[in-house]
Every structure is written in C-alpha cells, then in structure tokens.
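Inside the fold
One-letter residues, chain by chain:
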Amino acid sequence: MATDQTRGVLPDHRIEAMIAEGQITLTAPPAETQVQPASLDLRLGPVAYRVRASFLAGKGARVADRLAEFEMHKIDISAGAVLEKGCVYVVPLMEGLNLPQDISAVANAKSSTGRLDLLTRTITDSGTEFDRIAHGYNGPLYAEICPRSFSVLVRAGARLNQIRFRQGQAVLSDDELRTRHAESPLVSGETAVIDEGLGFSVDLKRENSTLVGYRAKPHTGVIDLDRIGAYDARDFWEEIHTDQGRIILDPGAFYILVSREEVSIPPDCAAEMSPYLAMVGEFRVHYAGFFDPGFGHGQPARGVLEVRCHEAPFVLEHGQVVGRLVYERMESLPSTLYGREIASNYQGQGLKLSKHFK
C-alpha cells in the first residue's frame, strides 16, 4: 500500500521503470518523447476495427470478444488509412498493462487530439468506465476513436491519447490550493475561484482583438495527423468575432475558445480538467484534460477550451466559469518539465488551434 510519502502521480522516471519491469508492456520499442513528465503517450497498433457503436467491455468480458459482436470491418492502418467523420473505430494499442495492486491509471486525449474534435477514449477488458483503469489491471488497452468534425488520416504508431499513473490518492484540498495560491499564484486575476478545484472562465473580451474563437466548418477535407503546420485554418475553421463579450453557441457545433485566466502548474503537481457539470450550461468543455508539471510555470499560459454545444442554443458570457482544474501532487519531481527540457507545442499559449494548422 502507498504511504503518505509515496502517494501521488507517477513521474517520467517511474514510468520508465515500469516499462523496464514489465508493468507496462510494449509490442514495439518505446518511441522518442513517448514518456512525458507525468504521463505516457499511447500508440495505435496496425489494425482498426469499424464498429456499429461505442461500447464498454463490462465486468468479466474481454474487448476482443465484444468486437466480434460489433465489428463491421477491419482496416489496415499500418501505412495509413482514413477514419471517417461520424464513425466509431476501436484500435488495439501497442501498450498493455500489468499493474501492481496499489497503482491505478487514468487516460485522456492529447491536446492536439482534442483540438481536432477527435473523441478518443481508452477501454479495457472488464471495463465499466471510459479512461479509468483499475488498480492491478492486467491486460491490453484499446483506443475508441470517433472523429466528430473532421475525417482524419492515421497510421500505426500515432499518439492520440495518453495515460497517467497514480499511487494512492493525492488530490489537493481546497485549503491546500488556497495556501499554494497565496504563496505563488496558480491562476491570474484578482480572486481565485476555488471550489473542489481551481475554477477558470472563458475570455470573450480579448485585448486588442475581436477574435474570440473558432468554429469547425461542417464540410471539409481530410486532416493527415502526421502533417504539422500544413493546413490553412480558413479551410477548416470559421473565425468567431464579438465586441459584446458574448457569443451564442449553436447546437452540435464545436468551438475552440480560451480561458480568461493564465494558469500555472507547479513542478511538484499535475492537474486534470474536471468533467463537465450539467448545471454549468448546455455545453461540454474540454476533451483533453491533462496538464503536466511546469505548464504555465514561469511562462504564463491560458487554457484552450474545446467546447461542444448540446441540444439548445446557449449564450456564453465573458467571464463565465466553465470548468475547473483538479490539482494532484506528484509522487516525486519529474526529470523533465513541460515546456522546458522537452519540446512542448502549447507552452505559453493563448487562443491556438492544433499544431496541424499554419
């Protein structure tokens, strides 16, 4: 069992040790930069299965057996294949797990994945929740992929989601957050909204600009996920302008917006965007929820918000609280920090589309 001194999110050097000890299994040698400061990127295997519907394995069942129920056809993605907008795919990953009984894991989409409205979730054998891996899990991992706004070209080895390992429970209490914020600000602004995490709001009155966000166009071409900085944003996105401090979200539309606050993740912490709460409004914020140690630390950075409106049009106002960050302590300091020793695409970011756009 984890002690008070060993509880926390496992850093990069612990993840590397888990690989060496066979607690993380690989069907191919690890890729460069696959181990991040507080997470491990997960890689697509060479085969994708087009399925009739999203599913969870359920207690006592294997994903492979459920695939036989729902599979429509198999696709070889080793050299590249298109995953069509509006379809659901399941892809066995190159990584599997043989976790000790005191370690659990949580998965999430990577930043660039979420910014493309590419719904990507991790499923496991006997799983009853997406993206949650139980203590001591021993088995394969699968990515469920549903492109929502754009069809995408993917290849084996692509990294669409990531996994974070925890030993014990290490969520910082509101009192601990207030103490840390008083010592070194975790968020910009006059008053920090701290209530079961650190609240953040949307920026719809940007300084010196009426551009407040982007809305995905409904009919576009294919995005090759390996092509960085290759696409003209105008071919895929409509700019959203306002000088009134509010916008109306359209049902079914997908938006890229930005937080009003700059956020900071200290080196001894990691953070995760909390799930959408129904009482906030008719929308969901953020598919990609991991913030690594060092994000925004010493170099101010805002949170980019991936927003999808639900059934009814909804008026979003400047400064409206739309989500919160839940902070956790690291089990130990990572060897590298986000944005410093590693090449991090979104350090110091403001309103920014994914790295695929010019």
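Residues numbered from 1 in each chain as written. Predicted model: local features only at pLDDT ≥ 70, side-chain atom pairs only at ≥ 80, totals over all residues. Heavy atoms only, no water.

Turning to the overall build of the protein, a few remarks are in order. Each helix and strand counted, the protein has four helices and 26 strands in total. For the protein, the C-alpha radius of gyration of 20 Å lies close to 21 Å, the compact-globule estimate for 358 residues. Reported as C-alpha extents along the three principal axes, the dimensions of the protein are approximately 55 × 50 × 35 Å. The proportion of buried residues among the 358 residues of the protein is 54%. Restricting to contacts in the protein with at least 6 residues of sequence separation, those with at least 24 account for 82%. Carbon and sulfur atoms provide 48% of the accessible area of the protein, an area that totals close to 15500 Å². A distance of 4 Å separates the average location of the 38 positive side-chain charges in the protein from that of its 47 negative side-chain charges. (Helix = DSSP H or I, 4+ residues; strand = E, 2+ residues; numbered from the N terminus. Rg over C-alpha atoms; globule rule 2.2 N^0.38 Å. Buried < 20%, exposed > 50% of the residue type's maximum accessible area, 1.4 Å probe, protein only. Contact = heavy atoms within 4.5 Å. Areas by Shrake-Rupley, 256 points an atom, 1.4 Å probe, with all protein chains shown as cover. Lys, Arg positive; Asp, Glu negative; His and termini not counted. Charge placed at Lys NZ, Arg CZ, Asp CG, Glu CD.)

The next subject is helix 4 (residues 174-183). Of all the residues in helix 4, the buried ones are Asp174, Leu177 and His181. The arc that holds the buried residues of helix 4, viewed along the axis, is 55°, so those residues lie on one side. Residues of helix 4 that are exposed and angled more than 90 degrees away from the buried face: Asp175, Ala182 and Glu183. Those residues of helix 4 hidden inside the fold are in contact with strand 15 (198-201) and strand 26 (321-329). (Arc of directions from axis to C-beta.)

Position of arginine 43 relative to the elements: it lies in strand 4 (residues 39-43). For arginine 43, a relative accessible area of 5% corresponds to the buried category. Within polar-contact distance, the side chain of arginine 43 engages the side chain of glutamine 34 at 3.4 Å. Beyond its immediate stretch of four places on either side in the chain, arginine 43 contacts Leu26, Ala28, Pro29, Pro30, Ala31, Gln34, Leu93, Met94, Glu95, Gly157, Ala158 and Arg159. (Polar contact = N/O pair within 3.5 Å; in protein donor to acceptor, adjacent residues only side chain to side chain.)

Right, let's get into the environment of aspartate 268. Note on placement: aspartate 268 falls in the loop between strand 20 (254-263) and strand 21 (269-273). Among the residues examined, aspartate 268 registers a relative accessible area of 29% and is labelled partly exposed. For the pair aspartate 268 and isoleucine 133, spaced 135 residues apart in the sequence, the C-alpha separation amounts to 23 Å. Excluding anything up to four places from it in sequence, aspartate 268 contacts Arg180, Glu328, Arg329, Met330 and Leu333. Side chain to side chain, aspartate 268 and arginine 180 meet in a polar contact 2.7 Å long.

Before going further, it helps to examine helix 1 (residues 12-20). Of the positions making up helix 1, those classed as buried are Asp12, Ile15, Met18 and Ile19. Looking down the long axis of helix 1, one finds its buried residues gathered within 115° of arc, a one-sided arrangement.

A sheet is described by the order of its strands in space; here three strands give the open sequence 7-13-17, paired in mixed fashion. Edge positions in the sheet fall to strand 7 (81-83) and strand 17 (223-224), since each of these pairs with one other strand and no more. Two strands pair when backbone bridges link them, and strand 7 and strand 13 (residues 152-154) are joined in this way by three bridges, in the antiparallel orientation. Paired with leucine 83 across the bridge in strand 13 is valine 152. (Pairing = 2+ DSSP bridges.)

Another aspect to go through is the pattern of salt bridges. Throughout the structure, instances matching the rule amount to 23 salt bridges. With its nearest N and O atoms 3.2 Å apart, the salt bridge here joins aspartate 41 to arginine 159. Taken as a pair, aspartate 41 in strand 4 and arginine 159 in strand 14 (residues 159-167) lie far apart in primary sequence, 118 residues in all. Ionic contacts of the salt-bridge type, sharing partners, join the residues Arg132, Arg166, Glu272 and Glu328 into one network. (Salt bridge = Lys/Arg side-chain N within 4 Å of Asp/Glu carboxyl O.)

This part is about the pairing of strand 26. For a regular strand, side chains alternate in direction, first toward one face of the sheet and then toward the other. The pairing of strand 15 with strand 26 spans four bridges and is antiparallel. Its bridge partner lying in strand 26, leucine 198 is registered against leucine 325. Where strand 21 meets strand 26, five bridges bridge the pair, whose relative direction is antiparallel. The residue of strand 26 that forms the bridge with methionine 273 is leucine 325.

Moving on, we come to unusual backbone geometry. For residues other than glycine, phi is negative in most cases, and the peptide bonds are mostly trans. Despite not being glycine, serine 126 shows a phi value in the positive range, around 60°. With respect to the secondary-structure elements, serine 126 resides in the loop between strand 10 (118-124) and strand 11 (132-133).

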